[in-house]
Amino acid sequence: MKGSIRNYYAGGNTAKGFYSLYDSAIDGLDRLFILKGGPGTGKSTLMKAIGQEMVDKGFDIEFLHCSSDTNSIDGVIVPKYGIGIVDGTAPHVIEPKAPGVVEEYVNLGVAWDTDKLMPHKEEILTLNADISHAFHTAYDTFAASLRAHDDIEDIYISNMDFAKADQLATELINLFYGDDNLGKDANVKHRFLGAATPVGAVDHIQNLTADIQDRYFIKGRAGSGKSTMLKKIAAAGEEKGFDVEVYHCGFDPNSLDMVIIREKSIAIFDSTAPHEYFPEREGDHIVDVYEQCITPGTDELYAEEIARTTKSYKDKMKEAITYLANAKMLRDQLEAIYIKAMDFNKVDQIKEDILREFNQHISK
């Protein structure tokens, strides 16, 4: 029987720049391989192959997806056995805490032919500079979009009944946990359920909640208290000793988009654009915070202002995505240079060496 694959992001292109949650993703691992090497050196292909090998052997794994290339991954973790492998190159540089004991660097640069790269030195330097500029322009544009989004939030915040919002959060906490207390230290993981990518917004909500019995779809508006409610639910779970998966917003990482309590088989998430879903199976529920917590008629009263600011927000989001797409195009050009200089037979040998260590670790 094959294992399962759980998909999420540990880093994202956000209004706060590139935002990393890798420390949380790899926290607690007994063995971690950190890949080093330029673009096009086969890091993602190597990790996918190792992940598939684990799945074929019946092990459940986690794929850490790449927010800058939807065809790539940035890591593989086998959580039950505390082992993983990640791309440790910028922008998600990972500093080992116990090098040689827990973490081990793997340099794929040993497989490239420097003589084939040297003639492209100036081109490589120029492409790297252009890629960096494209990403920073994207982040600045996301930040401008967030400012427009904040203007939308202000409208709803000024028309919100905070007492009702607090009451709703309390009701959900009581519904989810009751008087249960597991009396242990909670394991809290911080992740992204989706990301802004060169092809637009991508999320893995359906995959992450596939085996969850009760899913709560939060409907509402910007500023209607969705993230605050999720933070309270997560904090209550942690206090009661439940392991909690906390999924941050891929646009504004200071906000939350989803909380999963697998020991309760419960997921609750912001089910509004760009990750809008609707109940489709038994155990799906809607929590409408607009209906319960916002002054009736707010949408209609402020329709013109909401439409104007929403357009500004969406226009800037689309613009930022074009910069990510440009960065991807430039990076593809850079990868092509390195691919031609690589000896992938050496990369395959490195993969086999890592696989052997995975299997040895798991069989202990």
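That block above? That's the structure.
Our subject in this report is the structure included herewith. Computed from a prediction, not measured in an experiment: that's the story for all the values here.

What counts, and where the lines are drawn
- Residues numbered from 1 in each chain as written.
- Predicted model: local features only at pLDDT ≥ 70, side-chain atom pairs only at ≥ 80, totals over all residues.
- Heavy atoms only, no water.
- Helix = DSSP H or I, 4+ residues; strand = E, 2+ residues; numbered from the N terminus.
- Rg over C-alpha atoms; globule rule 2.2 N^0.38 Å.
- Buried < 20%, exposed > 50% of the residue type's maximum accessible area, 1.4 Å probe, protein only.
- Areas by Shrake-Rupley, 256 points an atom, 1.4 Å probe, with all protein chains shown as cover.
- Lys, Arg positive; Asp, Glu negative; His and termini not counted.
- Charge placed at Lys NZ, Arg CZ, Asp CG, Glu CD.
- Core = buried A, V, L, I, M, F, W, Y, C linked by side-chain atoms within 4.5 Å.
- Contact = heavy atoms within 4.5 Å.
- Expected span 1.5 Å × (residues − 1).
- Arc of directions from axis to C-beta.
- Salt bridge = Lys/Arg side-chain N within 4 Å of Asp/Glu carboxyl O.

### Let's talk about the overall build of the protein
Check the secondary structure of the protein and you find eleven helices and 16 strands. Taking 2.2 N^0.38 as the reference for a compact globule, 364 residues should give roughly 21 Å; the C-alpha atoms of the protein span a radius of gyration of 22 Å, in line with that estimate. Across its three principal axes, the protein shows a C-alpha extent of roughly 70 × 50 × 35 Å. Counting the 364 residues in the protein, one finds 52% classified as buried. Carbon and sulfur atoms provide 51% of the accessible area of the protein, an area that totals close to 17,100 Å². The positive charge centre, built from 39 side chains, and the negative charge centre, built from 59, are 3 Å apart in the protein.

### Overview of the nonpolar core
The nonpolar side chains of a soluble globular protein tend to be buried, and buried together. Counting 58 residues, the largest nonpolar core has Phe142, Met229, Ile233 and Ile268 as the members making the most contacts within it. At 13 residues, the largest contribution of residues to this core is made by helix H4 (residues 121–157). Grouped together as the second largest cluster of nonpolar side chains are 25 residues, Phe33, Phe59, Ala111 and Leu355 included.

### As for the environment of Asn254
Along the chain, Asn254 falls in the loop between strand E13 (244–248) and strand E14 (256–261). Among the residues examined, Asn254 registers a relative accessible area of 43% and is labelled partly exposed. The residues touching Asn254, leaving out its near neighbours within four places in the chain, are Lys16 and Lys231.

### Re helix H11 (residues 344–363)
For an α-helix, 3.6 residues make a turn, and residues three or four places apart therefore share a direction. In this model H11 runs 28 Å from its N-terminal to its C-terminal C-alpha over 20 residues, within 8% of the 28 Å that 1.5 Å per residue would give. Taken together, the buried positions of H11 are Val347, Ile350, Lys351, Ile354, Leu355, Phe358, His361 and Ile362. On an axial view of H11, the arc spanned by its buried residues comes to 140°, and they lie on one face. H11 presents Asn345 and Ser363 as exposed residues on the side facing more than 90 degrees away from its buried surface. Contact partners of the buried residues in H11: strand E4 (31–36), helix H2 (43–56), strand E6 (73–78), strand E7 (83–87) and strand E8 (103–107).

### Some details on the pattern of salt bridges
A side chain of one charge can pair with a side chain of the opposite charge if their charged atoms are brought near each other. Applying the stated rule across the entire model yields 23 salt bridges. When the shortest N-O distance is used, the salt bridge between Lys2 and Asp56 registers 3.3 Å. Of the two residues, Lys2 is situated in the segment before strand E1 (5–9) and Asp56 in helix H2; the sequence distance between them amounts to 54 residues. Among the residues examined, Lys2 registers a relative accessible area of 55% and is labelled exposed. Relative accessible area serves as the criterion here: at 42%, Asp56 is assigned to the partly exposed category. Of the charged contacts in the structure, one is a salt bridge between Asp211 and Arg6, with a shortest N-O distance of 3.4 Å. Of this pair, Asp211 sits in the loop between helix H6 (205–208) and strand E12 (214–219) while Arg6 sits in strand E1, and the two are 205 residues apart along the sequence. Here the salt bridges share partners, and the residues they tie into one network are Arg6, Glu62, Arg191, Asp211, Glu245 and Arg262.

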